[in-house]
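Overview (structure and organization)
What follows is the residue order along each chain.
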Amino acid sequence: IVDIKAKYSDEFGNKYEELSNPFTLREIAKQTLLENKLPEVENHLKNIGIKKSQLDLLPYPISEQEYIMLTKSYISSQNGFTLSHISADHLLSHVLDACEPMALIASREFEGEKLSLFAGINLQDIYLLTVCIKQQGNLITIFFKLYSNKKEKSQKMLDMISEIVSYSSMVLSSAKEVEKI
């Protein structure tokens, strides 16, 4: 949009005319979308912070061999989800952030998959988390499997971790939508 003139006069009767700088409708739409998305992004960030504070875990540093042995005797819960238009590396960074209170036992990459093993403890409750990220074209599948010595809290813990990753991925997606305009 070009050649927008503002004509006005002051209290003394002096007349003025100002020409605005050119701008595009895209700039207006970008600002409007950003303002509309900001509360949503802030809400997701708040939820992420709440979920992270509820994890209440300490690192449980064990060897990879111990990890494997314990998974054979612990109960397990699993879930996962699929995302599009996000890189496996970005998603892995969200997983690492969500699992920060836990010890990273091992991390491997093979045949387009990223595998990470985490261990955490809360009082007498031990949690062993396996995360697998697989990218196929524009789709990324993330799979979580949590092993624990306590059945009562394991599904809730797994749900919190996967929700943190999901929320932070949504925030990233919202930011990308705003950026694409």
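Conventions and cut-offs
- Residues numbered from 1 in each chain as written.
- Predicted model: local features only at pLDDT ≥ 70, side-chain atom pairs only at ≥ 80, totals over all residues.
- Heavy atoms only, no water.
- Buried < 20%, exposed > 50% of the residue type's maximum accessible area, 1.4 Å probe, protein only.
- Helix = DSSP H or I, 4+ residues; strand = E, 2+ residues; numbered from the N terminus.
- Arc of directions from axis to C-beta.
- Salt bridge = Lys/Arg side-chain N within 4 Å of Asp/Glu carboxyl O.
- Core = buried A, V, L, I, M, F, W, Y, C linked by side-chain atoms within 4.5 Å.
- Contact = heavy atoms within 4.5 Å.
- pLDDT = per-residue confidence, 0-100.

Things to note about helix H3 (residues 88–98)
The set of residues buried in H3 consists of Ala88, Leu91, Leu92, His94, Val95 and Ala98. What you see down the axis of H3 is that its buried residues fit within an arc of 155°, all on one side.

Topic: the pattern of salt bridges
Tallying each qualifying case throughout the model produces four salt bridges. One salt bridge connects Asp89 with Lys114, and the closest N-O pair in it is separated by 2.9 Å. In this pair, Asp89 sits in helix H3 while Lys114 sits in strand E6 (residues 113–122), placing the two residues 25 residues apart along the sequence. For Asp89, a relative accessible area of 52% gives the class exposed. Judged by its relative accessible area of 10%, Lys114 is buried. Between Lys114 and Glu109 there is a salt bridge, and its shortest N-O distance comes to 3.1 Å.

Observations concerning the nonpolar core
Among the nonpolar cores identified, the biggest contains 27 residues, and Leu129, Ile133, Ile142 and Phe144 are the most heavily contacted of them. With near-sequence residues (within four places) excluded, Leu129 lies in contact with Tyr67, Cys99, Met102, Ser116, Leu117, Phe118, Phe144, Lys145, Leu146, Leu158 and Ile161. By size, the runner-up hydrophobic cluster in this structure holds 11 residues, among which are Ile62, Tyr67, Tyr74 and Leu117.

Describing the confidence of the model for the protein
Across the protein, the average pLDDT comes to 79, with 71% of residues at or above 70. Counting contacts from residues 175–181, a segment whose pLDDT is below 50, to residues more than four positions away or on other chains yields 12 contacts.

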